[in-house]
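Here's the letter readout for the chains.
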Amino acid sequence: MMNSHGLSPSHAHLRELPIGLFDSGVGGMTVLRAMREQLPNESFLYLGDTARMPYGTKSVETVRRYALEAAAALTARGIKLLVIACNTATAAALPLLREAHPEIDVVGVVEPGAEAACRATKSGHIAVIATSGTIRGRAYEEAILRRMPEARISALPCPLFVPMAEDGLTSGPLAEGMAARYLDPIFRDPREQGLEVPDTLVLACTHFPLLRNAISRVAGEGVTLVDSASNTAREVRRLLMEKHLARGSGTSAGMPLCPGSVRFLTTDDVPRFTRLGELFLNMSIAPCTVEQVEL
Ligand code: DGL
């Protein structure tokens, strides 16, 4: 039987389920933040695998296992779409998670980030900074070259930005010093030699947007910084609309629509997750919305 919107009862139930997201820790909240802005009516269930982070230094096999476990924990609680809010896990495990969960759409952050980079660049020279795992897997290079075969790409691992972001060390001399240590070889040094430098820099790790100002100062004028967050949110909105799974605005079947809720799962202690999460999400997190789980 269909309701007045032409949806079966099970489809209508599906529409009310949250969107699931996971990351190794709190970095994926930069993606959640963009999703809440673009999809204010949706509910979200966010899992941060804080006990096992970082993923970026682990082997691809280990990251795949962690990603499968995180996705299983979310789908077991009921979600209508899964976002891998972690570049390292997307690079290692996107096809695997799609295979393991054919019943829902699984969206990664690499393709939306590559799309943003190709749209931003004018010279076709793009720098990509990420964790060691993401750079090693070459996922961004492949995604950029698929869209822009003539692109020139400088890819660089910047693993220490992850603990710095988690420690709130996101601006000032230390942050800029570390940014210079990583980025001078692709920006300052070639500039000094009169060589062309990339005009676009992809922050290909969900932690890096927190260091945006320090990174931008070091990269210098004329370099556009892009990340995956808003493009990922746009892709999720497109999919929900296409599948008639978006919670409508205004009223639903004559009933007022409650604004979407946000709930969290963490594999390590709740107070640390809450404190750091607030920094990344830029909103307060009530401890009663956070549950500690084992994967
Ligand atoms: N958030 C992860 C990413 O986007 C990096 C953090 C980690 O290494 O676990 O790649």
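Rules used in this analysis
- Residues numbered from 1 in each chain as written.
- Predicted model: local features only at pLDDT ≥ 70, side-chain atom pairs only at ≥ 80, totals over all residues.
- Heavy atoms only, no water.
- Helix = DSSP H or I, 4+ residues; strand = E, 2+ residues; numbered from the N terminus.
- Rg over C-alpha atoms; globule rule 2.2 N^0.38 Å.
- Buried < 20%, exposed > 50% of the residue type's maximum accessible area, 1.4 Å probe, protein only.
- Contact = heavy atoms within 4.5 Å.
- Areas by Shrake-Rupley, 256 points an atom, 1.4 Å probe, with all protein chains shown as cover.
- Lys, Arg positive; Asp, Glu negative; His and termini not counted.
- Charge placed at Lys NZ, Arg CZ, Asp CG, Glu CD.
- Near = heavy atom within 4 Å.
- Polar contact = N/O pair within 3.5 Å; in protein donor to acceptor, adjacent residues only side chain to side chain.
- Nonpolar A, V, L, I, M, F, W, Y, C, P; charged D, E, K, R; others polar.
- Pairing = 2+ DSSP bridges.
- Salt bridge = Lys/Arg side-chain N within 4 Å of Asp/Glu carboxyl O.

Q: Outline the overall build of the protein, supporting the account with residue identities and numerical values.
A: The number of helices and strands found in the protein is 13 helices and 12 strands. For the protein, whose C-alpha radius of gyration is 19 Å, the value lies close to the compact-globule estimate of 19 Å for 295 residues. For the protein, with 295 residues in total, the buried portion stands at 55%. Within the protein, contacts between residues separated by at least 24 positions form 76% of all contacts whose residues are at least 6 apart in sequence. If you sum the accessible surface of the protein, you get close to 13,200 Å²; carbon and sulfur atoms cover 54% of it. One way to put it: in the protein the 30 positive side-chain charges average out to a point 2 Å from where the 32 negative ones average out.

Q: For the site of the ligand, give the residues involved together with the corresponding values.
A: Around the ligand, 14 residues are found, and the nearest of them are Ser24, Tyr55, Gly56, Thr88 and Thr206. Between the ligand and Tyr55, the relevant distance is 2.6 Å, taken from an oxygen atom to a main-chain nitrogen or oxygen of the residue. Contact distances for the ligand include 2.6 Å between an oxygen atom and a side-chain N or O atom of Thr88. For the ligand, the accessible surface in isolation is 300 Å², of which the surrounding protein chains cover 99%. For the shell around the ligand, the class distribution of residues is six nonpolar, seven polar and one charged.

Q: Break down the environment of Ile104 for me, citing the residues and quoting the values.
A: Position of Ile104 relative to the elements: it lies in the loop between helix H4 (87-100) and strand E4 (105-107). Under the relative-accessibility criterion, Ile104 is labelled buried at 12%. Along the chain, Ile104 and Asp49 lie 55 residues apart, while their C-alpha atoms are 21 Å from each other. Not counting the four nearest positions on each side in its chain, Ile104 is found in contact with Thr75, Ile79, Lys80, Leu81 and Leu82.

Q: Just give me the short version of the environment of Ile135, but keep the residues and values in it.
A: Here Ile135 is to be found in helix H6 (residues 132-137). Look at Ile135 and you get buried, because its relative accessible area is 15%. Separated by 56 residues in sequence, Ile135 and Arg191 place their C-alpha atoms 24 Å apart. Apart from the residues lying within four places of it in its own chain, the contact partners of Ile135 are Val128, Ala130, Glu141, Ala155, Leu156 and Pro157.

Q: I'd like a rundown of helix H7 (residues 139-147), residues and numbers included.
A: Every buried residue belonging to H7 is among Ala139, Tyr140, Glu141, Ala143 and Ile144, and all of these are buried. Those residues of H7 hidden inside the fold are in contact with H4, helix H5 (110-120), strand E5 (125-130), H6, strand E6 (152-157) and strand E7 (200-203).

Q: Explain the pairing of strand E1 (residues 19-23) to me, using residue names and the numbers behind them.
A: Most of E1 is tucked away: five of the five residues are buried. Because side chains alternate across E1, one face comprises the buried residues Ile19, Leu21 and Asp23, and the other comprises Gly20 and Phe22, equally buried. In this structure, E1 lies alongside strand E2 (residues 44-48), joined through five bridges in parallel fashion. Along E2, the bridge assignment pairs Asp23 with Gly48.

Q: Talk me through the pattern of salt bridges; I want residue IDs and the actual numbers.
A: Under the criterion given, the structure shown has 19 salt bridges. One salt bridge connects Glu141 with Arg138, and the closest N-O pair in it is separated by 3.5 Å. In this structure Arg138 comes out as partly exposed when scored by relative accessible area, which is 43%. For Arg188, the salt bridge identified is with Glu192, shortest N-O distance 3.7 Å. In this pair, Arg188 and Glu192 are both assigned in helix H10 (residues 188-192), four residues apart and thus about one turn of the helix distant. For Glu192, a relative accessible area of 61% gives the class exposed. Linked by salt bridges that have partners in common, Glu111, Glu115, Arg119, Arg146 and Arg147 make up one network.

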